[in-house]
Amino acid sequence: MSVLVNLLGWAGAAAMLYGYAMVSASRMAGDGMTYQAINLVGAAALMVNTAYHAAWPSAVLNVVWGAVGLASVTRLLSARLGEKGARIP
């Protein structure tokens, strides 16, 4: 189980670093769905890893980070659904 949790943590860290690098290089929009989804998945993976290892400050940080990501993804999805609904006659 420990190996799986560690791999999950590394994958989460890699995902978040990838998103940050792409935004910093102007290859991805920081307010776009792709970046927000990458952050949400990365935060969830790191949340599991840090809680498993009882690294509570990092676990709480990733809970908050995940909540921000979830709110952003929800807002973006709502905006997309609103646009589609507005096009229907």
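My aim in this report is to walk through the structure given alongside it, one point at a time. (Residues numbered from 1 in each chain as written. Predicted model: local features only at pLDDT ≥ 70, side-chain atom pairs only at ≥ 80, totals over all residues. Heavy atoms only, no water.)

### Concerning the packing of helix α1 (residues 2-24) against helix α2 (residues 33-52)
Thought 1: In the contact formed by α1 and α2, the axes pass within 8 Å of each other and the chain directions differ by 150°. Comparing their axes, α2 and α1 come out roughly antiparallel. Every pair of crossing elements has a handedness; the one defined by α1 and α2 is left-handed. (Axes fitted to C-alpha atoms, helices over the stretch in contact; angles between N-to-C directions. Helix = DSSP H or I, 4+ residues; strand = E, 2+ residues; numbered from the N terminus. Parallel < 35°, antiparallel > 145°, perpendicular 65-115°, else oblique. Left-handed = near helix turned anticlockwise from the far one by under 90°.)

### Brief notes about unusual backbone geometry
Note: most residues except glycine have negative phi, and most peptide bonds are trans.
Thought 1: The residue Ser26 is not glycine, and still its phi comes out positive at about 60°.
Thought 2: With respect to the helices and strands, Ser26 occurs in the loop between α1 and α2.
Thought 3: Although it is not a glycine, Ala54 sits at a positive phi angle of roughly 55°.
Thought 4: As for its placement among the helices and strands, Ala54 is situated in the loop between α2 and α3 (56-87).

### Topic: the environment of Gln36
Thought 1: Relative to the elements of secondary structure, Gln36 occurs in helix α2.
Thought 2: Among the residues examined, Gln36 registers a relative accessible area of 10% and is labelled buried.
Thought 3: The spacing of Gln36 and Val68 is 32 residues in sequence and 9.0 Å in space, taken between C-alpha atoms.
Thought 4: There is a polar contact of 3.0 Å between the side chain of Gln36 and the backbone oxygen of Gly30. (Buried < 20%, exposed > 50% of the residue type's maximum accessible area, 1.4 Å probe, protein only. Polar contact = N/O pair within 3.5 Å; in protein donor to acceptor, adjacent residues only side chain to side chain.)

Functional significance is not addressed by these values, which are geometric in nature.
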